[in-house]
Amino acid sequence: MSSLSGVWAVLPAALLAAVPAGDPSWNSMLLLGLLAGLLSLDETALMQTWFSQPLAVGVLTGAVCGDPASGLAIGLPVQLILAGNLPVGQSFTGDSVSALVAAVGAVVLSGRGLVSVFGTPDLTEIALVGWMVVAVGLFSSAGHLMIQMERRAHFLWMLEGHRTLRDGRLRRMEAIHARCLFTTFLRGGATAIILLLVLRRLWLPAFAQLPAVIVAALAMLPLLLPGLGIGNLIERYGLRASWLWVAGGTVVSFAVTRFVL
Amino acid sequence: MRAVTRQPDRGVRKLGFALKVRLFMRSLSLQASWNHERMQNLGLLVAMLPWARRHRGDLNRDRTFCRRYYEYFNTNPYLANFVIGGLVRLEDDRAAGLDVPLGMTATFRDSLGRAFASLGDQLFWLGLRPAVVMAICLLGLFWQMAALISVIALFAVGQLVVRWRSLDQGYRLGLDLVDLLQDKRWHRGIAAVERTGMILTGMTAGTYLALVTDSGLPVNHNLLWFGVAVGLGLPVALRRRLPGEVLILVALGLALLLTFAVLLSGS
């Protein structure tokens, strides 16, 4: 217990040391932490309005930072690739919310602006979108462990509730439930702030050092992701059951986008 | 006294507004304390506590009440209020002196919870969610930010209305909720939503292909098409659903392979 409180005492100081002077500012970090906390609650714990879907998270984070378009540029490929992640019969639960809030926040707060991968001839800009999407994928995967730890803590706290089955103190149950809600909020917010610092200080500067061949591959990534995501969803529907409807939608929208719009 | 198996006809019953608001607010956090062993048990108990506080009895009654709801429970969060409304009705009937055996609460909770979990998974997770996600992606491809946020907001309000109304409906029907499950409109609705999702998936794919071919990017278009075809076909060929996070790494590997192929061919 004492070592844990020691960690908690050292953590704020370490965090303070990791923040470059005013970049990102404390205000921005706390605001993004708050947003990530609220959206993490929405993901499973509270309401489940789907504002925690990657595309909405990207746009909302971008809007909070003053550039929703950059949020859309990163959020769209992530949304398409995660479209098949459904909470049914699946044991993997990534934490895309914190990773995405941090990624969009890091890009916008660094003064960069991103545009649609289909709307720019600049391969470096598309490669940067790819670089940030890789970061979201890696950090979201790491978030799976955090979420599993949180759920194990829920179980231990739930066992604590057995005392109420003996003494009838109803308030304890409410307190445990509120503690679980607060933990989710804290996990989302703190993870986003830490990732924001990592991305801003290490990940984004590393992009300039990447070899040309990696940059070229990263430029191709956002163009390949939608295909994989859509393919994953078609597999979810079942190819035999869905091909006619999917093919019909594809032909119509291809023709409309190509020849009408 | 005779044990009830159907909901006794005692006129149209409605939840009191204040109690309904409290039950509704708490039901929104049903999954907050989700755990692998008993899933939503604590969430269900906390949602039911406003009723227990209103009918506060002796210590023993409170303890028995908590025990009834502290066992395994899992259902779909969007349809959970049917079950919660029904459970409140059973508690009301018991408090009013009707013979509701203790085991009936557990049977009702477990069987209805499972049935609504299955319906909700098909309707929301496999039907509505892919459809809404594809709709917002389609809008995203056309850079319509306000519209895509509006679609999510529309869903958010819609599901809150469903949850609010289902609380009343669950309470009104009580044990007769079983009849609601047999309504053919559930399955018609699920089929329609799934079909809409498939069409929207196709529309997103079509728009994406049109934008890729029309993008004017300075990349080798043959390789790009090859990559797109592999991307679309790989999950179907693998017959496995990989988490999106893993697919990002698969795509990165594929992109690296294609880039090296370009370098080796010298084009």
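Note that this is a predicted model, so its numbers are computed, not measured.

Visitor: Sorry, what's going on with the overall build of chain B here?
Guide: In terms of regular secondary structure, chain B is built from 10 helices and 0 strands. The C-alpha radius of gyration computed for chain B amounts to 25 Å, which surpasses the reference 18 Å derived for 267 residues by more than 25%, pointing to a less compact arrangement than a globule. Oriented by its inertia axes, the alpha-carbon framework of chain B measures out at about 90 × 35 × 30 Å. Among the 267 residues that make up chain B, the fraction classed as buried is 54%. With the model as given, the accessible surface of chain B reaches about 11,600 Å², and the carbon-plus-sulfur share is 60%.

Visitor: Quick question: what am I supposed to make of the overall build of chain A here?
Guide: Each helix and strand in chain A was counted, giving 10 helices and 0 strands. Traced from its N-terminal end to its C-terminal end, chain A shows the element sequence α-α-α-α-α-α-α-α-α-α. Within chain A, the fraction of its 261 residues that count as buried is 55%. For chain A, the proportion of contacts with a sequence separation of at least 24, taken over those separated by at least 6, is 78%. When the accessible surface of chain A is totalled, it reaches about 10,500 Å², and 70% of it is carbon and sulfur.

Visitor: Sorry if this is basic, but what is going on with the packing of aromatic side chains here?
Guide: Describing an aromatic ring pair means giving the distance of the ring centres and the angle of the ring planes. In total, this model carries 18 aromatic pairs over all chains according to the counting rule given. Here Trp50 of chain A and Phe155 of chain B contribute two aromatic rings whose centre-to-centre distance is 3.6 Å and whose plane-to-plane angle is 10°, an arrangement assigned as stacked. Remark: Phe155 of chain B occurs in helix α6 (residues 145-173) and Trp50 of chain A occurs in the loop between α2 (26-45) and α3 (54-65); the pair is interchain, linking two chains. Each member of the pair, Trp50 of chain A as well as Phe155 of chain B, carries the same accessibility label: buried. Put simply, the rings of Trp50 of chain A together with Tyr78, Phe124, Trp125 and Phe155 of chain B pair up and form one aromatic cluster. Note that Arg179 of chain A overlies the ring of Trp157 of chain A, its terminal NZ or CZ placed 5.1 Å from the centroid. A cation over a ring is seen here: Arg89 of chain B above Tyr171 of chain B, with NZ or CZ 5.6 Å from the ring centre.

Visitor: I tried to follow α3 of chain A on my own but got confused; where do I start?
Guide: Each turn of an α-helix holds 3.6 residues, which means side chains three or four residues apart point in the same direction. Between its first and last C-alpha, α3 of chain A extends 16 Å over 12 residues, near the 16 Å set by a 1.5 Å rise per residue. Buried residues dominate α3 of chain A, accounting for 9 of its 12 residues. Buried residues in α3 of chain A make contact with α2, α4 (68-81) and α5 (96-109) of chain A together with α5 (102-141) and α6 of chain B. Phi turns positive one or two residues past the end of α3 of chain A, at Gly66 of chain A, with a value near 100°.

Visitor: I'm lost on the state of the cysteines in this one. Help?
Guide: Disulfide: a covalent bond connecting the sulfur atoms of a pair of cysteines. According to the stated counting rule, one finds 0 disulfides over all chains in the structure shown. Left unpaired, Cys180 of chain A is separated from the closest cysteine sulfur, that of Cys66 of chain B, by 16 Å. For Cys180 of chain A, a relative accessible area of 0% corresponds to the buried category.

Visitor: Quick question: what am I supposed to make of empty space enclosed by the protein here?
Guide: Over the atoms, a rolling probe the size of a water molecule traces out where space has been left empty. Under the counting rule described, the total for this entry stands at 2 cavities of 30 Å³ or more. Looking at the largest cavity, its volume works out to about 80 Å³. Forming the walls of the largest cavity are 13 residues, and the residues nearest its centre are Leu76, Pro77, Val117 and Phe118 of chain A together with Leu141 of chain B. Within the residue set of the lining of the largest cavity, elements represented by two or more residues are α4 and α9 (212-237) of chain A together with α5 of chain B. Looking at which element gives the most residues to the lining of the largest cavity, the answer is α4 of chain A, with 5 residues. By volume, the second largest cavity amounts to about 40 Å³. The wall of the second largest cavity is formed by Thr44, Ala45, Leu46, Met47 and Gln48 of chain A together with Ser27, Leu28, Ser29, Leu30, Gln31, Pro77 and Arg163 of chain B. Across the lining of the second largest cavity, the residue classes tally to 6 nonpolar, 5 polar and 1 charged.

Visitor: I keep staring at the environment of Met203 of chain B and nothing clicks. Help me out?
Guide: Here Met203 of chain B is to be found in helix α8 (residues 185-213). Taking C-alpha positions, Met203 of chain B is 51 Å from Phe65 of chain B, a pair spaced 138 residues apart along the chain.

Visitor: Is there a simple way to think about the domain arrangement of chain B in this case?
Guide: Put simply, an interface is often sized by how much accessible area is lost when its parts join up. Residues and elements named next belong to chain B. Here the domain parsing of chain B yields domain 1 (12-183) and domain 2 (184-267). On a C-alpha basis, the centres of domain 1 and domain 2 stand 37 Å from each other. Counting from both sides, the interface comprises 20 residues of domain 1 and, opposite them, 16 residues of domain 2. Where domain 1 abuts domain 2, roughly 1,600 Å² becomes buried across the two surfaces, and 74% of that area is made up of carbon and sulfur atoms. Salt-bridge contacts for Arg185 lead to Asp183; the nearest nitrogen and oxygen are separated by 2.8 Å. Seen at the junction of domain 1 and domain 2, the total is 5 residue pairs in polar contact (both at pLDDT 80 or more). Put simply, the parts of the chain that give the side of domain 1 that touches domain 2 at least two residues each are α5 and α7 (177-181). In terms of residue count, the dominant contributor to the side of domain 1 that touches domain 2 is α5 (13 residues). Looking at the side of domain 1 that touches domain 2, its residues break down into 16 nonpolar, 3 polar and 1 charged.

Visitor: I'm lost on the interface of chain A and chain B in this one. Help?
Guide: With 96 residues of chain A at the contact, the number on the chain B side is 106 residues. Carbon and sulfur atoms supply 75% of the area that chain A and chain B bury against each other, a total of about 9,300 Å² over both sides. Taken as a group, Trp50, Phe118 and Leu170 of chain A account for 9% of the area that chain A buries against chain B, more than any other trio of residues on that side. In this assembly, chain A and chain B are joined by 2 salt bridges. Between Arg26 of chain B and Glu174 of chain A there is a salt bridge whose closest N-O contact spans 2.8 Å.

Visitor: Teacher, can you tell me more about the side chain of Thr49 of chain A here?
Guide: In this fold, Thr49 of chain A is placed in the loop between α2 and α3. There is a polar contact of 3.4 Å between the side chain of Thr49 of chain A and the backbone nitrogen of Phe51 of chain A. Apart from the residues within four sequence positions on either side, Thr49 of chain A is in contact with Asp42 of chain A together with Ile152, Phe155, Ala156 and Gln159 of chain B.

Visitor: Please clarify how the environment of Leu138 of chain A should be interpreted in this entry.
Guide: You can see Leu138 of chain A is positioned in helix α6 (residues 123-160). With a relative accessible area of 37%, Leu138 of chain A lands in the partly exposed category. Between the C-alpha atom of Leu138 of chain A and that of Ser96 of chain A, which follows or precedes it by 42 residues, the distance is 9.6 Å. Setting aside anything within four residues of it in sequence, one finds Leu138 of chain A in contact with Trp203 of chain A together with Leu249 of chain B.

Basis of the calculations
- Residues numbered from 1 in each chain as written.
- Chains lettered and ligands numbered in written order.
- Predicted model: local features only at pLDDT ≥ 70, side-chain atom pairs only at ≥ 80, totals over all residues.
- Heavy atoms only, no water.
- Helix = DSSP H or I, 4+ residues; strand = E, 2+ residues; numbered from the N terminus.
- Rg over C-alpha atoms; globule rule 2.2 N^0.38 Å.
- Buried < 20%, exposed > 50% of the residue type's maximum accessible area, 1.4 Å probe, protein only.
- Areas by Shrake-Rupley, 256 points an atom, 1.4 Å probe, with all protein chains shown as cover.
- Contact = heavy atoms within 4.5 Å.
- Phe/Tyr/Trp six-rings, centres within 6.5 Å; stacked < 30°, edge-to-face > 60°.
- Lys NZ or Arg CZ within 6 Å of the ring centre and 35° of its normal.
- Expected span 1.5 Å × (residues − 1).
- Disulfide = S-S within 2.5 Å.
- 1 Å grid on protein atoms, 1.4 Å probe; cavity = no way out; pocket = protein on both sides within 12 Å on 5 of 7 lines; lining within 4 Å.
- Points joined across faces, edges and corners; volume = space filled by probe spheres on them.
- Nonpolar A, V, L, I, M, F, W, Y, C, P; charged D, E, K, R; others polar.
- Domains from an automatic or database assignment.
- Buried area = accessible area lost by both parts, 1.4 Å probe.
- Salt bridge = Lys/Arg side-chain N within 4 Å of Asp/Glu carboxyl O.
- Polar contact = N/O pair within 3.5 Å; in protein donor to acceptor, adjacent residues only side chain to side chain.

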